[in-house]
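# Structural characterization, general
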Amino acid sequence: MKVSVTLDNQGLLPDKYAKFAPAEYRLEDNPVVNFPIAVSDVPAGTETLAIAFIDYDAIPVGGFPWIHWTVANLPVGDVPENLTTSDVPFVPGTNSMYSIFKHSKPEITQSYIGPMPPDQTHDYTLTVYAVDTTLDLTPGYFFNELRKDLVGHVLAEDSVELPARSE
């Protein structure tokens, strides 16, 4: 399986999906429009895809990896820009904004939240999993639930590092 994301001419995630997103790509000052993802060479037997987008460079800043996006039960194929407003079915997971908003803002806590590195350029790890089943997850599941449900069901996975600028 192969996953790819188009970067800008400096090799960074385009600004419209991250800290410098224009107003129409933001909700309450958070970038909420995801970048498109090209997915190819998916193995036979794949029923759905799952996604995790995590900032491990956040550990020195906040003490833990920051979960920007988790998605389960996507149909096999490319992932469109702004998945939330597309007709593509999926189950959204909870991101790390939950630590701030809890259950009060699912439109933020169960959505893509783009990179906003506070200190320097961070590398964000995008992993796409080819899954042999539809996972038994409901909207708002946590990343640990996704990890547990994936055990024994991942046919292939691919990860890419996506750098995003801080200034």
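An unreviewed UniProt entry lists the protein under the name YbhB/YbcL family Raf kinase inhibitor-like protein, with Weissella confusa given as the organism.

The next subject is the nonpolar core. Soluble, globular proteins show a tendency: their nonpolar side chains are buried together. Among the nonpolar cores identified, the biggest contains 28 residues, and Leu13, Phe35, Ile37, Ile51, Phe53, Trp69 and Leu126 are the most heavily contacted of them. Within the residue set of this core, elements represented by two or more residues are β5 (48-55), β6 (66-74), β8 (122-131) and β9 (154-164). Contact partners of Trp69, with chain neighbours within four places excluded, come to Asn34, Ile37, Ile51, Ala52, Phe53, Val79, Leu83, Asn95, Ser111 and Tyr112. Counting 14 residues, the second largest nonpolar core, distinct from the first, contains Val91, Tyr129, Leu137 and Leu150.

Next up on the list: the packing of aromatic side chains. Inspection of the entire model under this criterion finds 10 aromatic pairs. An angle of 85° between the planes, with centres 5.7 Å apart, marks the rings of Phe35 and Tyr112 as edge-to-face. Highlighted residues: Phe35 in the loop between β3 (30-31) and β4 (38-40) and Tyr112 in the loop between α3 (106-109) and β8, separated in sequence by 77 residues. Comparing Phe35 with Tyr112 shows no difference in burial state: the two are buried. Relative to Tyr112, the ring of Phe53 lies with its centre 6.0 Å away and its plane at 15°, an arrangement referred to as stacked. Placement of the pair is Phe53 in strand β5 and Tyr112 in the loop between α3 and β8, with a sequence separation of 59 residues. Across this residue pair, the class does not change: Phe53 and Tyr112 are buried. Through pairs of rings, three or more aromatic residues link up here, namely Tyr17, Tyr25, Phe35, Phe53, Trp69, Tyr112 and Tyr124. Note that Arg165 overlies the ring of Phe20, its terminal NZ or CZ placed 4.0 Å from the centroid.

Glycine aside, the phi torsion of most residues is negative, and most peptide linkages are trans. For Glu28, which is not a glycine, the phi torsion comes out positive at approximately 50°. Its place among the elements puts Glu28 in the loop between β2 (26-27) and β3. Residue classification places Glu28 among the partly exposed residues on the basis of a relative accessible area of 44%. Positive phi outside glycine occurs at Asp41, with the angle close to 55°. Looking at where Asp41 falls in the secondary structure, it is placed in the loop between β4 and β5. The exposure class assigned to Asp41 is exposed, which follows from its relative accessible area of 61%.

Moving on, we come to the environment of Leu162. Relative to the helices and strands, Leu162 is located in strand β9. Residue Leu162 is classed as buried on the basis of its relative accessible area, which comes to 2%. Distance in space between the C-alpha atoms of Leu162 and Asp123 is 5.4 Å, their sequence separation being 39 residues. Leaving out residues up to four positions away in the same chain, Leu162 has contacts with Val5, Leu7, Leu13, Phe35, Phe53, His122, Asp123, Tyr124 and Leu126.

Criteria and cut-off values
- Residues numbered from 1 in each chain as written.
- Predicted model: local features only at pLDDT ≥ 70, side-chain atom pairs only at ≥ 80, totals over all residues.
- Heavy atoms only, no water.
- Core = buried A, V, L, I, M, F, W, Y, C linked by side-chain atoms within 4.5 Å.
- Buried < 20%, exposed > 50% of the residue type's maximum accessible area, 1.4 Å probe, protein only.
- Helix = DSSP H or I, 4+ residues; strand = E, 2+ residues; numbered from the N terminus.
- Contact = heavy atoms within 4.5 Å.
- Phe/Tyr/Trp six-rings, centres within 6.5 Å; stacked < 30°, edge-to-face > 60°.
- Lys NZ or Arg CZ within 6 Å of the ring centre and 35° of its normal.

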